[in-house]
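Observations on the model geometry
Take a look at the letters that make up each chain.
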Amino acid sequence: MSKEKNKEIKIKIDGKSYKCIVGEKILDVAKRNNIFIPSLCHHPDLNIKANCRVCVVEIKGYNRLTTSCSTTVCEGMEIFTNSPKVKLSRNTNLKLIFAAHIEKCVDCTTRFDCELLSLAKRYGLNIANFKDRKGKRKTYKFSNSVEIDGSQCIDCRNCIDACSNIQKINYLKKEGKGYKQEIVPVEDKNIDCIYCGQCALHCPVASAQEQYDWDDVENILKNKKGKTLIAMIAPSTRISIGEVFGFPYGYNAAGQMVTALKKLGFDQVIDVNLGADITTLVEAEELLERLGDKKAKLPMITSCCPAWVKYLEFYRPDLISHLTTSRSPQIHLGGVIKTYWAKKKNIKPKDIITVSIMPCTAKKFESRRSELKINGLYPVDEVITVRELAFLIKKNGIDFKNLKPEKSNDLFNDGSGAAVIYGASGGVMESALRTANHFICKDSKKAKICHSRIEFKEVRGMKGIKEAKIDLDGKKLNVAVVNGIGNINDILPKLNKYHYIEVMACPGGCIGGGGQIIPSSVEIVQKRMEGLYNSDRNEKIRTAHDNKDAVEAVNWVKNSKLSHKVLHTKYINRKNK
């Protein structure tokens, strides 16, 4: 059977012969050989549905057109991708899709990279041939993070598949039939959105999308009025943003991001890597405290993923005490900017506006958690996704690819390699283990023979559940990493096996986050991950405890009586709210 599966056969596409493997789909063979066949509903991470019918092809001997995404190749098959029948069917389907998609191009972040518009241009379509039929559809908003605009939906159902099959939240459903079908949230009060944004990441037409804040940021930039504007770059965004501008997967574009943000009008650009190093210092300290306290709740579970925190607060509030009290990197950095940095720069905290560039839609939700306020101010004032930043860069005519890389601010460094890998599943845990190992060695009687361990490759990779036994110079830990919230139920029944657990709601971690650059797939996420680990290896500082700026900021906060307000947080039982 396996031999038959790997059997090589030959087919013809548009008169040319190509080799392929038994079981492959026509669309996959075409893509591999750089043969263009348009597709919208097809996504490599999702089940094949073949419902947009844009990818139709003609096959010799068949009495009807067939969708290339769902049709398996066979020996001697002759395929035509641009025959008169294909052209007529494809163009009609595209026009009907435009009739189901109310164009809101001016404000849409996909305006410069819209697949629908590029197909209309490619085939010379009159997109107004059919009357718009969804103009009165609702927009469903989920907190301040994600929304689904029914007037733009093309009924591909990718959002449902992402929510149900990948994340296993099951918050979205199809209501109605035929042209009346609509994507709506379920009415079950025991199910709630966690704001992860995977629906937006898998939507081909920006019907499911982040709730835009780029326009608010643009207005702030145009009307500074004596405010100091600070942009904060999240670890994984530097690796993905270059994809939009022609850089290869995994390219570290941090320097170009700094230059672009300054051109947009920001006064300072501060790397969230510094915030991640602060998070590591706080979390590693708390982990060792819990391990040394027989009454402490174990396992300790990471809390820097706000979609995971929302999940726990709603679905399993009984486990809240297991969450680390450490704030997340963006909140840590925002808090340090409005206390320590403000003091150093002699600027009033109320005159500072912080804007995070994040790979995550749930970070918008996190930024408005009232319990995170410090002296009445939110640590982070605005959050935009990396998609929104890419849109702003293009909208303002900035030639990103040819920008001269610049360094960020003049007070903080750009963080350690341990901070960079926060963007990958397992990265938060690995960063904390690096520093926890150091703390153990530092306090040990055998400190001279203790070694500072840098890499913990056991917790890396794309496996859904990663389990490992870690030896921190004699202290034995059972750890687990949950890669994607869809795997969470595989770990919750056996919590008492572990000392420390990392959970990231999005597959791959932040590098595959709901606010990431589109397209995104498992294959692309793996390439981005490689970029993160390459950046880590190339950093001069690879551990949080070796980052003197982070250590100094944490010590200042602790000595200023702001320790809990800036470094720690609490959580809310949302089950009955």
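Okay, so let's go over this structure. As a convention, each chain's residues are numbered from 1 in the sequence order in which they are written. Given that the model is predicted, a residue must reach a pLDDT of at least 70 before its local features are reported, and side-chain atom pairs must reach 80 or more before they are shown or counted; all residues, however, enter totals for whole chains, interfaces and linings. Where side-chain values are given, they derive from all heavy atoms of the structure, hydrogens and water being excluded.

The subject of this paragraph is helix 11 (residues 306-315). Exposure classes here rest on a 1.4 Å probe applied to the protein chains alone. A residue is buried below 20% of its type maximum, exposed above 50%, and partly exposed in between. Runs of E in the DSSP output that reach at least two residues are strands. Runs of H or I that reach at least four are helices, and both are numbered from the N terminus. Along helix 11, 9 of the 10 residues are buried, which leaves the element largely enclosed by surrounding structure. For helix 11, every residue scored as buried is listed here: Pro 306, Ala 307, Trp 308, Val 309, Lys 310, Tyr 311, Leu 312, Glu 313 and Phe 314. Residues are treated as being in contact if the distance between any of their heavy atoms lies within 4.5 Å. Residues of helix 11 that are buried make contact with strand 13 (300-301), helix 13 (362-367) and strand 18 (500-504).

Grouping buried Ala, Val, Leu, Ile, Met, Phe, Trp, Tyr and Cys residues that are joined through side-chain atoms within 4.5 Å yields what is termed a nonpolar core. In terms of nonpolar packing, the biggest core is built from 70 residues, with Leu 40, Phe 142, Leu 172, Trp 308, Ile 485 and Ile 488 touching the most fellow members. The element contributing the most residues to this core is helix 11, with 5 residues. Apart from residues no more than four positions distant in its own chain, Ile 488 is found in contact with Trp 308, Tyr 311, Val 482 and Val 503. Leu 274, Leu 281, Leu 372 and Ala 544 belong to the second largest nonpolar core, which has 51 residues in total.

Here we come to the packing of helix 10 (residues 272-291) against helix 12 (residues 329-345). Axis lines are fitted to C-alpha atoms, over the contacting stretch for helices. Their N-to-C directions set the angle, which ranges from 0 to 180 degrees. Running from amino to carboxyl end, helix 10 crosses helix 12 at an angle of 105°, the nearest separation of the two axes being 7 Å. The angle between helix 10 and helix 12 falls in the class roughly perpendicular. Each of Val 272, Leu 274, Gly 275, Ala 276, Ile 278, Thr 279 and Val 282 in helix 10 lies in contact with helix 12, whose residues at this interface are Pro 329, Gln 330, His 332, Leu 333 and Val 336. For this scheme, ten residues count as nonpolar: Ala, Val, Leu, Ile, Met, Phe, Trp, Tyr, Cys and Pro. Four count as charged, namely Asp, Glu, Lys and Arg, and the remainder, Gly too, count as polar. In the contact of helix 10 with helix 12, the residues fall into 8 nonpolar, 4 polar and no charged. Oblique is the label for any angle not under 35 degrees, not over 145, and not in the 65 to 115 range, which are roughly parallel, roughly antiparallel and roughly perpendicular in turn.

Another aspect to go through is the layout of surface pockets. Here a cavity denotes grid points, spaced 1 Å and computed from the protein atoms alone, that fit a 1.4 Å probe unable to get out, and a pocket denotes an open set having protein on both sides within 12 Å along at least 5 of 7 lines; residues with an atom within 4 Å of a point are the lining. Grid points are joined across faces, edges and corners, and a volume is the space filled by probe spheres set on the points. Empty space within the largest pocket amounts to approximately 1,400 Å³. What lines the largest pocket is a set of 47 residues, and nearest its centre among them are Glu 115, Ile 518, Pro 519, Ser 520 and Ile 524. Contributing elements (two or more residues each) for the lining of the largest pocket: helix 2 (26-32), helix 6 (198-201), strand 10 (208-210), helix 14 (386-395) and helix 17 (522-538). The class makeup of the residues in the lining of the largest pocket is 25 nonpolar, 11 polar and 11 charged. By volume, the second largest pocket is sized at about 400 Å³. The biggest single contributor to the lining of the second largest pocket is helix 9 (residues 254-264), with 4 residues.

Attention now moves to the sheet that holds strand 13. The strands that make up a sheet pair up through hydrogen bonds in the backbone, lying either parallel or antiparallel. On the basis of which strands lie adjacent, the open sheet formed by 4 strands has the order 13-18-17-16 and mixed pairing. Only two strands of the sheet have a single neighbouring strand rather than two, namely strand 13 and strand 16 (465-472). For strand 17 (residues 475-483) and strand 18, the ladder comprises 5 bridges, and the chain directions are parallel. Counterpart to Val 482 in the pairing with strand 18 is Val 503. A pair of strands is labelled paired if DSSP reports no fewer than 2 bridges between them.

Once that is clear, we can look at the packing of aromatic side chains. Stacked, edge-to-face and tilted labels apply to pairs of Phe, Tyr and Trp rings (six-membered ring for Trp) whose centres lie within 6.5 Å, assigned for plane angles under 30 degrees, over 60, and everything in between, in that order. Counted under the stated rule, the structure contains 12 aromatic pairs. Consider the rings of Phe 247 and Phe 400, whose centres lie 6.4 Å apart with planes at 80°: the pair is edge-to-face. On the criterion of sequence distance, the pair formed by Phe 247 in the loop between helix 8 (237-240) and helix 9 and Phe 400 in the loop between helix 14 and helix 15 (417-420) is long-range, its members being 153 residues apart. With respect to class, Phe 247 is no different from Phe 400; both count as buried.

A few words on the sheet that holds strand 12 (residues 268-271). Taken together, the 4 strands give an open sheet; going across it, the order is 12-11-14-15, and neighbouring strands pair in parallel fashion. Every interior strand has two partners, whereas the edge strands, strand 12 and strand 15 (382-385), have only one. Strand after strand, the sheet turns through a mean of 25° between neighbouring axes, direction not considered. Running over the sheet, helix 12 touches strand 11 (228-233), strand 12, strand 14 (352-358) and strand 15 and is turned about 150° from strand 14. Running at roughly 80° to strand 15, helix 14 makes contact with strand 14 and strand 15 of the sheet.

Here we come to unusual backbone geometry. The step from Leu 298 to Pro 299 runs through a cis peptide bond, and the omega angle for that step is 0°. Looking at the element boundaries, Pro 299 is found in the loop between helix 10 and strand 13. Phi angles above zero are rare outside glycine, and Asn 34 is one such case at about 60°. Relative to the helices and strands, Asn 34 is located in the loop between helix 2 and strand 3 (56-59). The backbone phi angle of Asn 170 is positive, close to 60°, even though this residue is not glycine. Mapped onto the elements of the fold, Asn 170 is located in the loop between helix 5 (158-166) and strand 8 (172-175). Judged by its relative accessible area of 37%, Asn 170 is partly exposed.

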